[in-house]
Amino acid sequence: MAIAQDTFQIKGIVLHANDLSPAQGASIVGETLYAVSSANGAFTINNVVEGTYSFTVTHIGCEPRTVKVDVDPNLSEVKVFLQESASVLDEVNINGKTQQRKAMEIPIVSTSIYEEFLNKNRENSLMQTLSKIPGVSTINIGSGQSKPVIRGLGFNRVAVLQNGIKHEAQQWGNDHGLEIDQHGIDHIQIIKGPASLLYGSDAIAGVVDIQQNKIPLPNSFGGEVNILGESNNDLLGISAGITSRKDKWFYRGRLTYRDYADYKVPADRINYENYIFELHENNLRNTAGYEADASASIGYVTDNIKTETVFSNVNAKNGFFANAHGLEVRTSSIDYDSSNRDIDLPYHKVNHFKITNNTAIDLGEHKLQLDLGYQNNNREEHSEPVPHGYMPTPPDTKERLFIKNTYSLNFRDAFKPTEEHDMVVGLNTEYQNNNIGGWGFLIPEYNRFTAGIFAYDQFEIHNDFHVLAGLRYDVGRVATKAYYDWYPSTVNNDDGSTSYIHLQRSKNKTLDFGSLSASLGVSYIDNKTSYKVNVGRSFRMPLANELASDGVNYHMYRFEKGNLDLDPEISYQLDLSVDHTAESFRVGVSPFVNIFQNYIYLNPTSSYYETIQIYEYTQAKVFRIGGEFNASTTIVNNLQLDASVEYVYSRQTSGPKEGFTLPFSPPLSTLLSATYQFNTLLFFKNPQLIADFRITAAQEEIVPPEEKTDGFQVLNMSFLTEMEVFKNNLPVKMRVKLNNVFDTKYFNHTSFYRLIDVPEAGRNISLSLTIPF
């Protein structure tokens, strides 16, 4: 098509050869010309002078194709048909099995989450985004932080991996969040149930595995800018990422910044320790914060080697709800209501720096995987310097400082001794060095080393019947260091005299642990129905805070005391799973039974330190049973309905809390969702309307000093669409989300602030724009 005296316009379309569907986002690259196909596969290149041009057309999962175009007055529309690539697509391996088929053959209860789900359901933190998955919930700490909970278990019982390396921060703390940027993630696998066989200690309840992003196609470049705003806490956020590859070398980069004010709750007063605190304009005072994240990576890929090194840093500062950290705020001179964006005392600062390298080597019969990692977690907790007991007024606001350095190495070798066997052998090692500072002692400095070797075999009895069996042995050592108070305390001696001594809070102590993990499972596929059964034994080493804590946690207003006689947790679990998929509906159920021989928990005692109740770590036998149910159906072409139910029953069968459940046990919960796909509406392309209705039962099963939580119903609404804003480019994606439509006042039993009767956030409108390029 001629558009001027000596220039022309190339118009074309890129289609998948197998089904003629449009290839959205395909790159059309010439020597000096470039375009990207739209949602319907179309592309346009303007101002092209007459001549013959060569273009390379690439698309994820397809073989690159080179086409020649003669540009002259007789130029017609260019059609490009792309073939699927067996070497690039992760969905297809050597024997042609899709990822879905491979997942059905492995007898492990897991869920795969992809970028589309993350973009549709993105919340203020990664774990809040994933909480829509049946069996996954969170312990929320304000509006910007949360901790993962799988089937009622959290903290260090759930391992979080990123690029094959276990994320190591200060997971033991009730008010410590997860320092991971949730933008730029392609794929997450969630394993429900014990996974110590593959991941060692800390995976006794499950795994959140943030997997490596796909390697970009040769000679490709792309990126996106995501802009986010929210009304409840006046959040403003932006995240920008790029990806590029030139033949064998590829690069990625991302910057994210979020700034938010105090969030609002549907309440005007809070009752804490029988004191009433008024809330100014419903603001939960001093919950503002910011987060600044950066990551960059460089990789190299050939037919036999793939390696990528990722550098990332997460820096955040968050205020803690002032009335949740002791009663001293009653006499504080800080004007918490002067601004809803300032961050006053108490607050925390955290910086998490991480380097990971993932290298895969294909030797033909053996496929080697090596993962290396280094992490530095620097966390500061600041509070007003107030004297307590014998402790005089501290010199500054730095109550606690935690510095953790972690070095990780994982290795595995996958091979096929026979056609029916897929075997993997490997090892995991990790070393931690933990230092402390500040005037408030809670846990000692310590070093921790763990190492484990494992082997498992997936045996194909026939095409639809598979067995997976594995063994693992781990050893671990925890060495705590001595600590003495920085101030003297008064001690009355037996002879009537008085001494003034610096009390010893921890000792130089080295403890060794070791344990065996095992797993045996079978899977059977009967046409459109898959059956899975798995039984396993897992373990978890005690943490330093469980072994050697000895101090006042003013954030929780309790004295926490460790126990050096703790044994490793041992867990036995039976998992079942049945999934049926038909043309218009899908239904699945995944029950489990779990027994802990010696579950570790913090038990409130009848003793007091000064005026603060003493909590001691102890162990008990625990019985748990529960599961998830989910169903999905398409009523008409444009309407999809989804439903899920999750439930966990827990009971301590020994110990001082025999007959009680476990702390933070989630109640019975149901999520009903409806998604309606509209036809093109005005300038909105592919608009979707989504309604999520959460029905949660009351939680009557509690462990004192927990309180019972009433049931609630909450409605959330979303509108998603695409807009053709920029010519010759991918459409802009827009999401408008309305959470807590009716501004319902309700309490989440697994929320950190539930302990002081703080309800969940009120109505919130969020607007997100994703601009690809």
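Student: Mind laying out the overall build of the protein chain, listing which residues take part and the relevant values?
Tutor: Broken down by element type, the protein chain carries five helices and 45 strands. By the compact-globule yardstick of 28 Å for 773 residues, the protein chain fits well, its C-alpha radius of gyration being 28 Å. Overall size of the protein chain, expressed as C-alpha extent along the three principal axes, is 110 × 65 × 45 Å. Considering the protein chain as a whole, with its 773 residues, one finds that 52% of them fall into the buried category. Taking contacts inside the protein chain between residues at least 6 apart in sequence as the whole, the part at least 24 apart equals 65%.

Student: Please set out the pattern of salt bridges residue by residue, giving values where relevant.
Tutor: Applying the stated rule across the entire model yields 34 salt bridges. Across the salt bridge formed by Asp 575 and Arg 151, the nearest N and O atoms sit 2.8 Å from each other. With Asp 575 in strand β37 (residues 569–581) and Arg 151 in the loop between β10 (145–150) and β11 (153–154), the pair connects residues that are 424 residues apart, well separated along the chain. Both residues of the pair, Asp 575 and Arg 151, belong to the buried class. A salt bridge links Glu 430 to Arg 448, with the shortest nitrogen-to-oxygen separation between them at 4.0 Å. Taken together, the positions of Glu 430 in strand β26 (residues 421–437) and Arg 448 in strand β27 (residues 446–462) put the pair 18 residues apart, joining distant regions of the chain.

Student: Tell me about the packing of aromatic side chains, and please be specific about residues and values.
Tutor: All chains considered together, the criterion is met by 18 aromatic pairs. Summarising the aromatic geometry, the rings of Phe 155 and Phe 664 are spaced 6.5 Å apart at their centres and angled 55° between planes, so their arrangement reads as tilted. Here the residue Phe 155 occupies a position in the loop between β11 and β12 (158–162), and Phe 664 occupies one in the loop between β40 (639–652) and β41 (669–677), the gap between them amounting to 509 residues. Judged by its relative accessible area of 12%, Phe 664 falls in the buried class. Aromatic pair Tyr 374 and Tyr 407: ring centres 5.2 Å apart, planes at 45°, arrangement tilted. Pair noted here: Tyr 374 is in strand β24 (residues 366–382) and Tyr 407 is in strand β25 (residues 398–415), with a separation of 33 residues, a long-range link.

Student: I'd love a proper account of empty space enclosed by the protein, names of residues and values included.
Tutor: The tally for this structure, following the rule as stated, stands at 15 cavities of 30 Å³ or more. Empty space within the largest cavity amounts to approximately 1000 Å³. Surrounding the largest cavity, 47 residues form its lining, Ser 131, Asn 140, Tyr 746, Asn 748 and Glu 760 being those nearest its centre. Elements represented by at least two residues in the lining of the largest cavity include exactly α3 (126–130), β9 (136–141), β41, β42 (684–696), β43 (712–723) and β44 (732–739). Here the lining of the largest cavity gets four residues from one element, more than from any other, and that element is β9. Looking at the lining of the largest cavity, its residues break down into 14 nonpolar, 24 polar and nine charged.

Student: Go over the pairing of strand β28 (residues 465–480), please, and point to the residues and values.
Tutor: Here 16 bridges tie β27 to β28, and the two strands are oriented antiparallel to one another. Following the sheet pairing, Glu 460 is matched in β28 by His 466. Connecting β27 to the antiparallel partner β28 that follows it, the hairpin turn spans two residues. With 16 bridges connecting them, β28 and strand β33 (residues 509–526) associate as antiparallel partners. Opposite Val 478, over in β33, you have Leu 511 as the bridge partner.

Student: Give me the environment of Asn 340: which residues, what numbers.
Tutor: With respect to the helices, strands and loops of the structure, Asn 340 is situated in the loop between β22 (305–319) and β23 (347–362). In this view, Asn 340 contacts Asp 234, Ala 261, Asp 262, Asn 283 and Ala 288; residues no more than four positions away in its chain are not counted. For Asn 340, the side chain forms a polar contact with the side chain of Asp 234, separated by 3.4 Å.

Student: Go over the sheet that holds strand β1 (residues 7–16) with me, naming the residues and quoting the values.
Tutor: Across the sheet, which stays open at both edges, the three strands sit in the order β4-β1-β7 with mixed pairing between neighbours. With one partner strand each, in any of the chains shown, β4 (42–49) and β7 (78–82) form the two edges of the open sheet. Adjacent strand axes in the sheet meet at a mean angle of 25° when their direction is disregarded. The pairing of β1 with β4 spans six bridges and is antiparallel. In the sheet register, Ile 13 faces β4, and the bridge partner there is Ala 42.

Student: Explain the sheet that holds strand β2 (residues 27–29) to me, using residue names and the numbers behind them.
Tutor: Strand order in the open sheet formed by four strands is β3-β2-β5-β6, and the pairing between neighbours is antiparallel. The outermost strands of the open sheet, each flanked by one partner alone, are β3 (34–36) and β6 (65–71). Strand-to-strand twist across the sheet, computed as the mean angle between neighbouring axes with direction ignored, equals 25°. Judged from the three bridges that link them, β2 and strand β5 (residues 51–58) form a sheet pairing that is antiparallel. Along β5, the bridge assignment pairs Ile 28 with Val 57.

Student: Lay out the nonpolar core with the relevant residues and their values.
Tutor: Formed by 25 residues in total, the largest nonpolar core has its most connected members in Leu 130, Ile 188, Ile 190 and Val 208. Counting only elements with at least two residues in this core, the list comes to α3, β12, β14 (187–192), β15 (206–210), β38 (585–609) and β39 (612–636). Excluding residues within four positions of it along the chain, Val 208 makes contact with Met 127, Leu 130, Pro 148, Ile 150, Val 158, Ala 159, Val 160, Leu 161, Ile 188 and Gln 189. Ranked by size, the runner-up nonpolar core spans 22 residues in total, among them Ala 35, Tyr 53, Val 57 and Val 78.

Student: Can you tell me about the side chain of His 59, naming the residues and giving the values?
Tutor: Within the element layout of this structure, His 59 appears in the loop between β5 and β6. The buried category is assigned to His 59, whose relative accessible area is 14%. A polar side-chain atom of His 59 sits 2.7 Å from the main-chain carbonyl oxygen of Gln 24.

Student: Pulling in residues and values, what's your account of the environment of Thr 418?
Tutor: The residue Thr 418 is located in the loop between β25 and β26 in this model. As for Thr 418 and Asp 209, which are separated by 209 residues in sequence, their C-alpha atoms are 29 Å apart.

Student: Explain the pairing of β10 to me, using residue names and the numbers behind them.
Tutor: On any regular strand, side chains alternate: one points to one face of the sheet, the next to the other face. Counting buried positions along β10 yields six of six residues, so the element is predominantly enclosed. The alternating pattern of β10 places Gln 145, Lys 147 and Val 149 on one face and Ser 146, Pro 148 and Ile 150 on the opposite face, and all of these are buried. Judged from the six bridges that link them, β9 and β10 form a sheet pairing that is antiparallel. Across the sheet, residue Val 136 finds its bridge partner in β10, namely Ile 150. In terms of strand pairing, β10 meets β11 through two bridges, oriented antiparallel. Within β11, the residue paired with Ile 150 across the bridge is Leu 153. If you look at the hairpin formed by β10 and β11, you'll find two residues sitting between the two strands, and Arg 151 has a positive phi there, around 55°.

What counts, and at which threshold
- Residues numbered from 1 in each chain as written.
- Predicted model: local features only at pLDDT ≥ 70, side-chain atom pairs only at ≥ 80, totals over all residues.
- Heavy atoms only, no water.
- Helix = DSSP H or I, 4+ residues; strand = E, 2+ residues; numbered from the N terminus.
- Rg over C-alpha atoms; globule rule 2.2 N^0.38 Å.
- Buried < 20%, exposed > 50% of the residue type's maximum accessible area, 1.4 Å probe, protein only.
- Contact = heavy atoms within 4.5 Å.
- Salt bridge = Lys/Arg side-chain N within 4 Å of Asp/Glu carboxyl O.
- Phe/Tyr/Trp six-rings, centres within 6.5 Å; stacked < 30°, edge-to-face > 60°.
- 1 Å grid on protein atoms, 1.4 Å probe; cavity = no way out; pocket = protein on both sides within 12 Å on 5 of 7 lines; lining within 4 Å.
- Points joined across faces, edges and corners; volume = space filled by probe spheres on them.
- Nonpolar A, V, L, I, M, F, W, Y, C, P; charged D, E, K, R; others polar.
- Pairing = 2+ DSSP bridges.
- Polar contact = N/O pair within 3.5 Å; in protein donor to acceptor, adjacent residues only side chain to side chain.
- Axes fitted to C-alpha atoms, helices over the stretch in contact; angles between N-to-C directions.
- Core = buried A, V, L, I, M, F, W, Y, C linked by side-chain atoms within 4.5 Å.

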